[in-house]
Amino acid sequence: MSHNDAYLIVNAGSSSLKFSVFQALETGGLEAVFNGQIAGIGTQPSFQAKDAQRHVLADRTWSANEASDRPTLLRFALDWITERLGSARLLAVGHRVVAGGREFAHPVLVTEAVLEGLERLVPLSPLHQPHHIAAIRAIRDLHPALPQVACFDSAFHHDMPLAAQTYALPRALTDEGVRRYGAHGLSFEYVAYRLRQIEPDLADGHVVVCHLGNGSSLCAIHAGRGVDTTMGFTVLEGVPMGTRPGIVDPGILLYLMREKGMGADELEKLLYHQSGFLGVSGISNDMRVLLESDDPRAAETVELFCFNVAKQIGAMAASMGGLDAIVFTAGIGENSPPVRARVGAKLEWLGVKIDQNANQSKAPRISSASSRIPVLIIPTDEERMIARHTARILGRAVDGASATPAPKA
Ligand code: AMP
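Right, let's walk through the structure included here. Nothing here was measured: the structure is a model prediction, and the numbers come from that model.

**Quick look at the site of the ligand**
- Residues in close proximity to the ligand include Gly213, Asn214, Asp286, Met287, Arg288, Leu291, Ala330, Gly331, Ile332, Asn335 and Ser336, which together make up its full environment.
- A distance of 3.0 Å is found between an oxygen atom of the ligand and a side-chain nitrogen or oxygen belonging to Asp286.
- At a separation of 3.4 Å, an oxygen atom of the ligand approaches a polar backbone atom of Ile332.
- Its free accessible area being 500 Å², the ligand has 70% of it covered by the protein chains.
- Of all the elements in the fold, those that place two or more residues in the shell around the ligand are helix 11 (287-292) and helix 13 (330-335).
- Classifying every residue of the shell around the ligand gives four nonpolar, five polar and two charged.

Rendered as structure tokens:
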């Protein structure tokens, strides 16, 4: 390996920790060199790493009687990564952090004060935030001098108009933080940055980006800035997802509490793990499986998803008062021609026309020449976005312009 500097990008969840390593190139670019994950934390831990060509570099599983708590696993991973980097120097660690609240509008270098700020935001993201904090603290304990940068999934939405941020609840609740923060911000930011590179005119217009994956949300982006988004206070709002329902009438929760005696834990399980594609189809949370199934419930689920995505594209366009392009990204958005075709067909009244061949072959532009609205596929890369932020926070030059114009003075 060369003598380049490297960045470690970490996405820490409850039972897994995904990582990617980028090397800084002389040109100012960043090259993804390897990635991997620690999985099964708390049950049967394993460590896997692959190079950029997806060749397996490491694969290890711990048996139940071996010491394998989170810090031990992290130490193993960091040692492996450092050794693999050889003479390349690990410059910093960039973390994906789900909740930045009103406090964090931009990525920040982690300090004790920042960690305290992240702790205060735990109630906003109880399923994610504690794991981000645990990973940051564990890495700090192992390598106290290694700079760490927190990159927020909510930051891209931080400056949405007040109306897009506010629930019509008593003001005191809004003031204490019950408001719409959105998610997938690092993905939207990356897509906006790529759009500016490949279609600068469109990037100046009104763009709806559809991040459709296991979790899905849409974002209204005007001239590179987030104007509205479908996820809100938590990752439950918006369109139906793998195991989450998207928007439901809150009256349903009252019904379930009163009539079925359900408590918070049961409701959490229902809303995070038992609904969405899985709940409706009774078959799978995976769009691939549903598209291949001939069970009518699978077809119904696909239709429910496409209906809601098309509906929210309309809502996002209305939020920003225009529509100049639609972009699909993430697992389903990038890889599923039937879903894109079906969503496109529901928008024909808007002048959207999907070119079947381009759609099948996953061309960068899948709309036909006569489509009033261009429809594109831009593969997302949240890790690269975090690596770019991390490099910039460290004062390193990074190629290309930021998707978001510099904050107003
Ligand atoms: P993500 O969360 O972005 O990794 O997306 C994961 C989801 O993408 C999976 O749950 C699948 O439902 C979906 N997916 C991946 N590949 C395909 C494909 N070829 N066709 C349809 N859906 C796909």
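**Quick notes on the pattern of salt bridges**
- Evaluated as defined, the whole model comprises 16 salt bridges.
- With its nearest N and O atoms 3.1 Å apart, the salt bridge here joins Glu199 to Arg365. With Glu199 in the loop between helix 6 (185-198) and helix 7 (200-203) and Arg365 in the loop between helix 15 (356-360) and strand 13 (375-377), this pair connects stretches of sequence that are 166 residues apart.
- Among the charged side chains, a network of salt bridges with common partners joins Glu112, Glu119, Arg137 and Arg140.

**Side note on the packing of helix 6 against helix 16 (residues 382-393)**
- Their axes nearest at 8 Å, the elements helix 6 and helix 16 cross at an angle of 85°. When the axis of helix 6 is compared with that of helix 16, the two are roughly perpendicular. Taking contact as the criterion, the partners of Leu186, Ser187, Glu189, Tyr190 and Tyr193 in helix 6 are, on helix 16, Glu382, Arg384, Met385, Ile386, Arg388 and His389.

**Section: the sheet that holds strand 12 (residues 325-329)**
- One open sheet holds the five strands; their spatial order is 11-10-9-12-13, and the pairing between them is mixed. Each edge of the sheet is formed by a strand with only one pairing partner; in this case those strands are strand 11 (225-229) and strand 13. If you compare each strand with its neighbour and ignore which way they point, the axes differ by 25° on average.
- By the bridge criterion, five bridges tie strand 9 (residues 206-212) to strand 12 in an arrangement that is parallel.

**Considering the packing of helix 8 (residues 250-260) against helix 9 (residues 264-273)**
- Between helix 8 and helix 9, the least distance of the axes is 11 Å, while the angle of their chain directions is 135°. Relative to helix 9, the element helix 8 is oriented oblique. For the element pair helix 8 and helix 9, the recorded crossing hand is right-handed. Of helix 9, the residues touching helix 8 (which contributes Leu253, Leu256 and Met257) are Leu267, Leu270 and Leu271.
- Residue classes in the contact of helix 8 with helix 9 are distributed as six nonpolar, no polar and no charged.

**Comments concerning the pairing of strand 2 (residues 17-24)**
- Judged by how many residues are buried, strand 2 sits mostly within the fold: seven of eight residues are covered.
- Hairpin connection of strand 1 (residues 5-12) to strand 2: four residues between the antiparallel strands.
- In the sheet, strand 2 pairs with strand 3 (residues 30-39) via eight bridges, with the strands oriented antiparallel. Bridged to Leu17 within strand 3 is Ile38.
- In textbook terms, the turn of a hairpin is the stretch between consecutive antiparallel strands, and for strand 2 and strand 3 this stretch comprises five residues, one of which, Gly28, has a positive phi near 95°.

**Focus on the packing of aromatic side chains**
- Overall, the coordinates contain nine aromatic pairs when judged by the stated rule.
- A ring pair is formed by Phe104 and Phe152, whose centres lie 4.6 Å apart and whose planes are at 10°; its orientation type is stacked. With Phe104 in the loop between strand 6 (89-97) and strand 7 (108-109) and Phe152 in strand 8 (residues 148-152), this residue pair connects regions lying 48 residues apart in the sequence. An identical accessibility class is assigned to Phe104 and Phe152; each is buried.
- Here the guanidinium or amino end of Arg388 rests over the ring plane of Tyr193, the centre of that ring lying 4.0 Å away.

**Overview of the environment of Arg60**
- Within the element layout of this structure, Arg60 appears in strand 5 (residues 56-61).
- When its relative accessible area of 30% is taken as the criterion, Arg60 is described as partly exposed.
- Taking the C-alpha atoms as reference points, Arg60 and Gln48, separated by 12 residues in sequence, lie 6.5 Å from one another.
- When residues no more than four places from it in sequence are discounted, the contact partners of Arg60 are Pro45, Ser46, Phe47, Glu66 and Phe76.

About the cut-offs
Residues numbered from 1 in each chain as written. Predicted model: local features only at pLDDT ≥ 70, side-chain atom pairs only at ≥ 80, totals over all residues. Heavy atoms only, no water. Near = heavy atom within 4 Å. Polar contact = N/O pair within 3.5 Å; in protein donor to acceptor, adjacent residues only side chain to side chain. Areas by Shrake-Rupley, 256 points an atom, 1.4 Å probe, with all protein chains shown as cover. Helix = DSSP H or I, 4+ residues; strand = E, 2+ residues; numbered from the N terminus. Nonpolar A, V, L, I, M, F, W, Y, C, P; charged D, E, K, R; others polar. Salt bridge = Lys/Arg side-chain N within 4 Å of Asp/Glu carboxyl O. Axes fitted to C-alpha atoms, helices over the stretch in contact; angles between N-to-C directions. Parallel < 35°, antiparallel > 145°, perpendicular 65-115°, else oblique. Contact = heavy atoms within 4.5 Å. Pairing = 2+ DSSP bridges. Left-handed = near helix turned anticlockwise from the far one by under 90°. Buried < 20%, exposed > 50% of the residue type's maximum accessible area, 1.4 Å probe, protein only. Phe/Tyr/Trp six-rings, centres within 6.5 Å; stacked < 30°, edge-to-face > 60°. Lys NZ or Arg CZ within 6 Å of the ring centre and 35° of its normal.

The analysis is restricted to geometry; functional conclusions fall outside its scope.
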